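Close look at the chain arrangement
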Amino acid sequence: MISATTIRLDMRRARNALSPFQQQNNAAQLLNRLQKNPRILRAKKIALSLTHDAEIDTLPFIHWCWENGKKVYLPVIHPFSPKHLLFLEYQRHTPLQLNRYRIAEPQLNVLTICPFSQLDIVFTPLVAFDKQGRRLGMGGGFYDRMLSPWLKNKTGPYPIGLAHDCQRIDTLPTNPWDVPQAEIFTPSAHYQFNNVS
Ligand SMILES: Nc1ncnc2c1ncn2[C@@H]1O[C@H](COP(=O)(O)OP(=O)(O)O)[C@@H](O)[C@H]1O
Ligand SMILES: [Mg+2]
């Protein structure tokens with residue numbers, strides 16, 4: 001089996017090869033799927049991340065969330081527990097700053113933190129996914145750590161992966177801590193996995 005490192009390199013290269021036009025199209029098609037989904041329509045508190053390194057653009061969906069009365073939360077690296085994430089509300093005028101991975105995140109503000117368990121849906125960024133909903137991240141394990149209650153007994157926020165179609169592969173190498181996603185949306189498909197009881 002190909003190593004996770006090789007897959008990360010290949011997949012990041014593939015998504016970086018998408019043209020600005022394809023990126024824009026992909027984001028529009030993704031939004032079109034997301035905005036029709038009953039679970040997403042019902043959700044009140046949604047966590048997702050800002051686009052980084054040619055990931056699929058989440059900004060059109062963020063605008064849709066704002067326009068439809070949903071609260072949007074972005075991950076912030078925990079100041080005292082740097083392997084964990086906090087989720088802070090993101091509104092139109094929330095000041096952002098770059099974290100150590102050069103990803104924009106809200107400035108720390110205790111008033112806008114949402115306890116993880118109160119989020120309805122967590123949309124995870126990913127580098128690759130497979131036929132069974134397994135997810136390969138950037139290698140930090142952040143979402144595996146946050147979603148470990150989901151892996152154990154399907155409690156907590158509902159995990160949905162967002163990706164370009166080109167990020168799908170047959171089978172990913174996995175580790176016991178990797179949290180399979182309940183669903184994955186791409187511009188041209190919606191995968192629902194039977195790993196959800
Ligand atoms: N639930 C967890 N508890 C403790 N450590 C974890 C947990 N999930 C992941 N990790 C650690 O995070 C590191 C990166 O995880 P990995 O799955 O390779 O990254 P990613 O999911 O970002 O692709 C691993 O070394 C792993 O030990
Ligand atoms: Mg993992």
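Described in the following lines is the structure provided in the data block. (Residues numbered from 1 in each chain as written. Chains lettered and ligands numbered in written order. Predicted model: local features only at pLDDT ≥ 70, side-chain atom pairs only at ≥ 80, totals over all residues. Heavy atoms only, no water.)

1. Quick notes on the packing of helix α2 (residues 20–34) against helix α4 (residues 59–67)
- Where α2 contacts α4, the axes come no closer than 8 Å and their chain directions differ by 35°. The element α2 and its partner α4 pack so that their crossing is right-handed. Between α2, through Ala27, Leu31 and Leu34, and α4, the contact on the second element is made entirely by Pro60, Phe61 and Trp64.
- The residue inventory of the contact of α2 with α4, partitioned by class, reads six nonpolar, no polar and no charged. (Axes fitted to C-alpha atoms, helices over the stretch in contact; angles between N-to-C directions. Helix = DSSP H or I, 4+ residues; strand = E, 2+ residues; numbered from the N terminus. Left-handed = near helix turned anticlockwise from the far one by under 90°. Contact = heavy atoms within 4.5 Å. Nonpolar A, V, L, I, M, F, W, Y, C, P; charged D, E, K, R; others polar.)

2. Notes on the site of ligand 1
- Around ligand 1 there are 13 residues in total, and Arg8, Gly137, Gly139, Asp144 and Trp177 lie nearest to it.
- Contacts to ligand 1 include glycine 139, whose backbone N or O atom sits 2.9 Å from an oxygen atom.
- In this structure, an oxygen atom belonging to ligand 1 sits 3.0 Å away from a side-chain N or O atom of arginine 145.
- Coverage of ligand 1 by the protein amounts to 67% of the 570 Å² it exposes when considered alone. (Near = heavy atom within 4 Å. Polar contact = N/O pair within 3.5 Å; in protein donor to acceptor, adjacent residues only side chain to side chain. Areas by Shrake-Rupley, 256 points an atom, 1.4 Å probe, with all protein chains shown as cover.)

3. Things to note about the sheet that holds strand β6 (residues 121–124)
- One open sheet holds the seven strands; their spatial order is β3-β2-β1-β6-β9-β11-β12, and the pairing between them is mixed. Two strands close off the open sheet at either side, each with one partner strand: β3 (85–89) and β12 (190–192). In this sheet, adjacent strand axes meet at a mean angle of 25° when their direction is disregarded.
- Bridging between strand β9 (residues 158–162) and strand β11 (residues 183–185) involves three bridges; their strand directions are parallel. Residue pairing across strands places leucine 162 opposite phenylalanine 185, the latter belonging to β11.
- The strands touched by α2 within the sheet are β6, β9, β11 and β12, with β11 carrying the most contacts at an inclination of about 135°.
- In the packing of α4 onto the sheet, the strands contacted are β1 (45–47), β2 (71–77) and β6, and the crossing angle to β2 comes to about 130°. (Pairing = 2+ DSSP bridges.)

4. A look at the coordination of the magnesium ion (ligand 2)
- Around the magnesium ion (ligand 2), the protein contributes the donor atoms Asp144 (OD) and Asp178 (OD), at 2.0 Å from the metal centre. Here aspartate 144, found in helix α5 (residues 142–146), pairs with aspartate 178, found in the loop between β10 (168–169) and β11; they are 34 residues apart in sequence, far enough to count as distant. You'll find aspartate 144 and aspartate 178 in the same group, each marked buried. (Donors = N, O, S within 2.8 Å, 3.2 Å for Na, K, Ca; no water. Buried < 20%, exposed > 50% of the residue type's maximum accessible area, 1.4 Å probe, protein only.)

5. A look at the packing of aromatic side chains
- According to the stated counting rule, one finds eight aromatic pairs in the structure shown.
- Measuring from centroid to centroid gives 6.0 Å for tyrosine 101 and phenylalanine 142, while their planes differ by 85°, and the two rings are edge-to-face. With tyrosine 101 in the loop between β4 (96–98) and β5 (104–106) and phenylalanine 142 in helix α5, this pair connects stretches of sequence that are 41 residues apart.
- Relative accessible area serves as the criterion here: at 38%, tyrosine 101 is assigned to the partly exposed category.
- You can call phenylalanine 142 buried: its relative accessible area is 15%. (Phe/Tyr/Trp six-rings, centres within 6.5 Å; stacked < 30°, edge-to-face > 60°.)

6. Some points on the side chain of arginine 134
- With respect to the helices and strands, the residue arginine 134 is situated in the loop between β7 (128–130) and β8 (135–136).
- Side-chain polar atoms of arginine 134 contact the side chain of aspartate 130, separated by 2.8 Å.
- Here the side chain of arginine 134 touches glutamine 132 through a polar contact of 2.7 Å, side chain to side chain.
- In this view, arginine 134 contacts Ala128, Phe129, Thr171, Leu172, Thr174 and Pro180; residues no more than four positions away in its chain are not counted.

7. Notes on the layout of surface pockets
- In this structure, the largest pocket occupies an estimated 600 Å³ of space.
- Pro125, Arg135, Met138, Phe142 and Tyr143 are, among the 33 residues lining the largest pocket, the residues nearest its centre.
- For the lining of the largest pocket, the element with the most residues is β2, which contributes four residues.
- Across the lining of the largest pocket, the residue classes break down as 19 nonpolar, eight polar and six charged. (1 Å grid on protein atoms, 1.4 Å probe; cavity = no way out; pocket = protein on both sides within 12 Å on 5 of 7 lines; lining within 4 Å. Points joined across faces, edges and corners; volume = space filled by probe spheres on them.)

8. Considering the pattern of salt bridges
- This structure, assessed with the given rule, holds six salt bridges.
- With its nearest N and O atoms 2.9 Å apart, the salt bridge here joins aspartate 53 to arginine 15. A residue pair is termed long-range when its members are at least 10 positions apart, and aspartate 53 in the loop between β1 and α4 and arginine 15 in helix α1 (residues 4–16) qualify at 38 residues.
- Across the pair aspartate 130 and arginine 134 runs a salt bridge, and its minimum N-O distance is 2.8 Å. Like arginine 134, aspartate 130 is buried.
- One continuous salt-bridge network, built from bridges that share partners, spans Arg12, Arg15 and Asp53. (Salt bridge = Lys/Arg side-chain N within 4 Å of Asp/Glu carboxyl O.)

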